[in-house]
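Spelled out from the first residue to the last, the chains are:
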Amino acid sequence: MVRFGELFLKSEPVRRQFMKALVNNIRAALSSHQIDCTIEDNRSRILIISEDVSLLIPIVRRIFGVVDIAPAILTEPSIKSLSGIAAYLGTLHLKPGMSFAIRARRDQVPGFSSQELGALAGEAVLNAVSGIHVNLSEPDYEIFLEARKEGGIAYDTRICGPGGLPYGTQGALLALLSAGIDSPVAAWLMMKRGVKVKFLYIDTGKYAGKDCYTNVLRNFAALSHWTPGVTLQLSVVHAEAFFDQLMADAEPRFRCVLCKRAMLRISAISASRHGFPGVITGDNLGQVATQTLSNMVTISSGINIFIIRPLIGHDKEDIIALARRIGTFSQEPGDTSCGVLPPKPATSAGQDTIMEMERKLNSDAIFQEMVHSAQRFRALNGEVTSVGSSHPAKNPNAGPLGAPCDTDEKKVSYKKNEL
């Protein structure tokens with residue numbers, strides 16, 4: 001059983017559109033893993049019926065728009081049937097001395113209330129297992145019962161999904177992707193809000209640490225696990241020639257600002273070619289020299305594209321926690337240094353100064369050529385391939401892709417490769 005959240009708040013036509021997108025995303029995800037199933041959209045719940053529900057869990061729990069999922073037993077929406085299943089579940093999981101609670105709901109089923117369902121089901125459990133007691137506040141074990149016009153549903157485990165909106169329902173954007181922590185998290189947050197994302201990595205060549213390229217592909221692979229069945233795309237712009245010029249001609253303390261502006265200008269060219277209205281960045285206010293308020297104003301000035309900064313007000317600890325959940329955090333990232341970084345970067349670069357330096361660099365033509373000759377990759381279900389090649393790209397295992405939510409961690413566990 002799949003539950004979804006804020007889709008209920010939409011108008012009826014929009015709700016139908018979003019539900020169709022969510023069901024299609026679920027179907028594509030399971031089909032890409034060769035899982036046969038039947039999917040039923042009962043307006044308030046989505047039911048996925050398959051011979052082995054354990055195969056569904058690690059896939060469906062990563063689909064945007066899903067609030068949580070539950071392996072469930074379907075029955076008649078009557079007190080007798082639901083109470084019988086509650087007693088059965090109780091005999092499997094309860095032992096003398098343990099406490100339990102029944103969480104009952106009723107929707108468009110006449111003849112009884114949710115309180116009556118809960119009380120009679122609780123009585124059935126007490127009769128089935130001796131030495132147990134009810135605790136509605138902090139029970140050792142919970143049984144969820146739902147009586148709906150479509151049928152009765154019983155379950156005892158709820159596994160968190162990412163929530164948000166179905167992927168692809170909010171248009172498309174370009175996302176700058178790096179080897180670091182912030183940009184993958186920023187992209188994931190917008191993907192969670194239903195934005196279809198195409199990725200762009202600007203490779204600085206010899207000025208990048210030796211592990212940057214590998215880590216970018218690793219981040220790309222990890223993010224693709226959150227759109228199962230949907231192929232993500234990455235363009236790699238090789239920009240070493242520009243950075244040769246930057247190192248030779250720009251005043252050192254302004255290199256970082258000029259670098260960030262160059263990345264946005266390249267992004268604007270790439271986004272324009274794909275018809276995207278904006279670019280997602282991992283900027284976080286005050287984190288580094290280029291992310292002071294003054295420098296962000298200068299960096300954004302005159303850039304002909306909408307810049308979205310989902311992490312602008314996040315604390316670093318919060319970003320790291322999200323990166324761990326997403327699967328893009330690495331405890332040992334290797335060499336991700338930047339050879340362009342000066343000893344003392346400017347924290348408040350004037351717009352006039354930066355614009356004058358850009359005119360001297362005269363890089364518009366080279367940016368157009370870089371975008372035109374970009375290398376392209378695809379990622380599907382964690383596997384990255386180079387466009388034009390059927391072989392996986394040289395990237396390491398994307399690693400663990402997030403632990404279950406605290407509420408289900410004790411009940412559900414998977415090996416790293418299963419997640």
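Residues numbered from 1 in each chain as written. Predicted model: local features only at pLDDT ≥ 70, side-chain atom pairs only at ≥ 80, totals over all residues. Heavy atoms only, no water.

For the rest of this paragraph, the subject is the packing of helix H8 (residues 255–274) against helix H11 (residues 351–361). Following both chains from N to C, one finds H8 and H11 inclined at 65°, their axes separated by 11 Å at the closest point. In terms of orientation, H8 and H11 fall into the roughly perpendicular class. Helix-helix and strand crossings are classified by hand; for H8 and H11 the assignment is right-handed. Mapping the contact onto sequence places Val257, Leu258, Arg261 and Arg265 in H8 and Ile354, Met355, Met357 and Glu358 in H11. Along the lines of polarity and charge, the residues of the contact of H8 with H11 split into five nonpolar, no polar and three charged. (Axes fitted to C-alpha atoms, helices over the stretch in contact; angles between N-to-C directions. Helix = DSSP H or I, 4+ residues; strand = E, 2+ residues; numbered from the N terminus. Parallel < 35°, antiparallel > 145°, perpendicular 65-115°, else oblique. Left-handed = near helix turned anticlockwise from the far one by under 90°. Contact = heavy atoms within 4.5 Å. Nonpolar A, V, L, I, M, F, W, Y, C, P; charged D, E, K, R; others polar.)

Now for the confidence of the model for the protein chain. Here the protein chain shows a mean pLDDT of 91. Residues at 70 or above account for 93%. The low-confidence segment residues 395–419 (pLDDT under 50) makes 49 contacts with residues lying over four places distant or belonging to another chain. (pLDDT = per-residue confidence, 0-100.)

Taken as a whole and assessed by the stated rule, the structure comprises 19 salt bridges. Measuring nitrogen to oxygen at the nearest pair gives 3.5 Å for the salt bridge that ties Arg16 to Glu12. Taken as a pair, Arg16 and Glu12 lie in helix H1 (residues 12–32) at a separation of four residues, close to a single helical turn. Accessibility expressed as a relative area gives 32% for Glu12, which makes it partly exposed. When the shortest N-O distance is used, the salt bridge between Asp182 and Lys316 registers 2.8 Å. Within this pair, whereas Asp182 is found in helix H5 (residues 182–192), its partner Lys316 is found in helix H10 (residues 316–326), the two being separated by 134 residues in sequence. Because the salt bridges share partners, they merge into one network encompassing Arg45, Asp107, Glu146 and Arg148. (Salt bridge = Lys/Arg side-chain N within 4 Å of Asp/Glu carboxyl O. Buried < 20%, exposed > 50% of the residue type's maximum accessible area, 1.4 Å probe, protein only.)

Okay, the sheet that holds strand S5 (residues 73–75) next. Ordered in space as S5-S9-S8-S6-S7, the five strands form an open sheet in which the pairing is mixed. The open sheet is flanked by S5 and strand S7 (133–134), the only strands paired with a single partner. Of the strand pairs in this sheet, strand S8 (residues 141–148) and strand S9 (residues 151–155) are connected by five bridges, and their pairing is antiparallel. Within S9, the residue paired with Leu145 across the bridge is Ala154. (Pairing = 2+ DSSP bridges.)

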